[in-house]
Amino acid sequence: MTVHSAAVPVSDRARTDELYRTHRGAIARQIRALLQDDTAVDDLVNETFLRAHRSLQHFDGRSSIGTWLHGIAINVTRTHLHKRLRRAGLDERHAAKVTPQLAAGPEEEIAAELALARFRTAVRELPDALREAFVLRVLEQRPWQEVAEQLEVAMSTLHGRVARAEAIVRARMEGT
Amino acid sequence: MTDAPQTPRSPVPRYDELVRRAQAECCAVTDDVDPRQLDAFWGHVELGDRQARRRTTVVQWGLWALSGIAVANILVFPTLPGYTCPGNDSVDVAITLALPLVAILLSLLLLRSTSAGGQMLLRALLWSSALLGALVNIVEPSVVPVTAAFAGVVAGGALLILRQHGLEPERYTGSFAPVAHRGVLTLMMILAVADAQTLVSWTNGSYWHHPAAGICGMAMVVGIVGLSRLELWGLLLSAMMSLGVAIAALLGWLGLPLGVVAMISGTAGAQVLLAAIVLRSVHRGTPTELPLLARWGSVFVWLVIVGVMVASVAGPLFADAEHVHHHYSDFHHRH
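Residues numbered from 1 in each chain as written. Chains lettered and ligands numbered in written order. Predicted model: local features only at pLDDT ≥ 70, side-chain atom pairs only at ≥ 80, totals over all residues. Heavy atoms only, no water.

## Re the packing of helix α4 (residues 116-139) of chain B against helix α5 (residues 145-162) of chain B
Residue and element names in this part refer to chain B.
Then comes step 1: Between α4 and α5, whose axes approach to 8 Å, the crossing angle comes to 145°. Taken as a pair, α4 and α5 cross one another with a handedness that is left-handed. Of α5, the residues touching α4 (which contributes L122, R123, L126, W127, S129, A130, G133, V136 and N137) are P145, A148, A149, A151, G152, A155, G156, A158, L159 and L162.
Then comes step 2: Its residues assigned to classes, the contact of α4 with α5 shows 13 nonpolar, five polar and one charged. (Axes fitted to C-alpha atoms, helices over the stretch in contact; angles between N-to-C directions. Helix = DSSP H or I, 4+ residues; strand = E, 2+ residues; numbered from the N terminus. Left-handed = near helix turned anticlockwise from the far one by under 90°. Contact = heavy atoms within 4.5 Å. Nonpolar A, V, L, I, M, F, W, Y, C, P; charged D, E, K, R; others polar.)

## Some remarks on the interface of chain A and chain B
Then comes step 1: With 56 residues of chain A at the interface, the matching set in chain B holds 43 residues.
Then comes step 2: Overall, the association of chain A and chain B removes approximately 4,600 Å² of surface from exposure, summing both partners, and the carbon and sulfur fraction of that is 57%.
Then comes step 3: When the area that chain A buries against chain B is broken down by residue, the three leading residues are R29, H58 and R86 of chain A, summing to 14%.
Then comes step 4: If you look at where chain A meets chain B, you find two salt bridges.
Then comes step 5: One salt bridge connects D49 of chain B with R54 of chain A, and the closest N-O pair in it is separated by 3.1 Å.
Then comes step 6: The interface formed by chain A and chain B contains nine residue pairs in polar contact (both at pLDDT 80 or more).
Then comes step 7: Ranked by residue count, the leading element in the side of chain A that touches chain B is helix α1 (residues 10-35) of chain A, at 12 residues. (Buried area = accessible area lost by both parts, 1.4 Å probe. Salt bridge = Lys/Arg side-chain N within 4 Å of Asp/Glu carboxyl O. Polar contact = N/O pair within 3.5 Å; in protein donor to acceptor, adjacent residues only side chain to side chain.)

## Quick look at helix α8 (residues 232-250) of chain B
Residues and elements named next belong to chain B.
Then comes step 1: Compared with the 27 Å implied by 1.5 Å per residue over 19 residues, the 27 Å span of α8 between its first and last C-alpha is a close match.
Then comes step 2: The complete set of buried residues in α8 reads G234, L235, S238, A239, S242, V245, A246, A248 and A249.
Then comes step 3: One or two residues past the end of α8 sits G252, with phi positive at roughly 80°. (Expected span 1.5 Å × (residues − 1). Buried < 20%, exposed > 50% of the residue type's maximum accessible area, 1.4 Å probe, protein only.)

Here it is in structure tokens:
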């Protein structure tokens, strides 16, 4: 079944369809990496494309449409993380630390899963600017130039943010 | 010679290994798009549009009701409940309410604006209406108590309902990345609109006695329009206009009481300061948003709005009627 929105002109709809088909995968990967879990990825992907659809007329072409979409995804995810953090407060942080999904298996496997859960928590708890730089550059391995453009920061600032984020995550992993 | 104790191999993966695993997890999401995902997305759009329409309709009805009450207050002032000032006349009320009424009608027009500048101006108009409602009912609860209370409640309620809708970062277009300074720019706009409203209310439209007040009012409107364009020239223009108003107020050209002079020159000075902060940030290429406000700003703003709504309703309820009567009679005697 196809849902038709009466308020959407056909040309806008076709353009949004095209954007969705072309960029959905990349946007979902980025959101997944920023969230460090799968819980809300689909909702946030839809929210990203909804906001893009409503703001297409404001896209000024100063960056590529992909960069613009990734920027919206970063904002959508940031808002989601703030809300989640506010709603759950410290309880969620605590829960995220102590309740990773453990698979039954040998000691190495359990230890590895616990370490990965701690790694995810460490990434999630980074300040916004550091988390976004770390995820885009280190986890998604996108080019420095592209990430700097995406986050609208100078290259030197980006290098600094990535280095600080790596230091914090590394310290969190070694400190536990 | 003794053998060095052998460290057992740790089962915990190293940092680099964890990064590799996290990278692999990210890459597990494929580029394939299931048609059902696309349908779900359009369902999401449909739902979002419905919610937006409902939100706009509620705010629209509230603002129409508020403008109706303001008009009724102008036309049938003495018959409205809460009227306590026999020395009053309807001409003053008409002038006092003229600009707030224009602000409300302008808000109705801006409600469907798709540009961030238009939506920021809408927020500024709503904020100034709500603040003015609360201020009037706290300082002079006998003047227009019903209209002021409704202004506080309706404009505050509209702000709560609209939240950040229409102000999404991707809607900001402008030469100096205004999205990075949106909080400060909105605050500047609120102060400018509130100043303009205060100026008109306090001079009671007697511009033939104080032409400088009329010129300053026009200058403020030009500054507000410039600011809502979200261009650098608009920001500079607004700052210059504010500086002019502050100087005119301090030199006594506006014919205002000392307290109002202090308030207007203070807020105009604050706008100049805020403009300077934005310009410095633009020059440095850094945002002016505070990290703390990014996370807790919406909660803080929510509390302030609720406080303003309560104050606008509670003002007349707790006012000393006798004191208010004398205060207002004095005010009239002076003018």
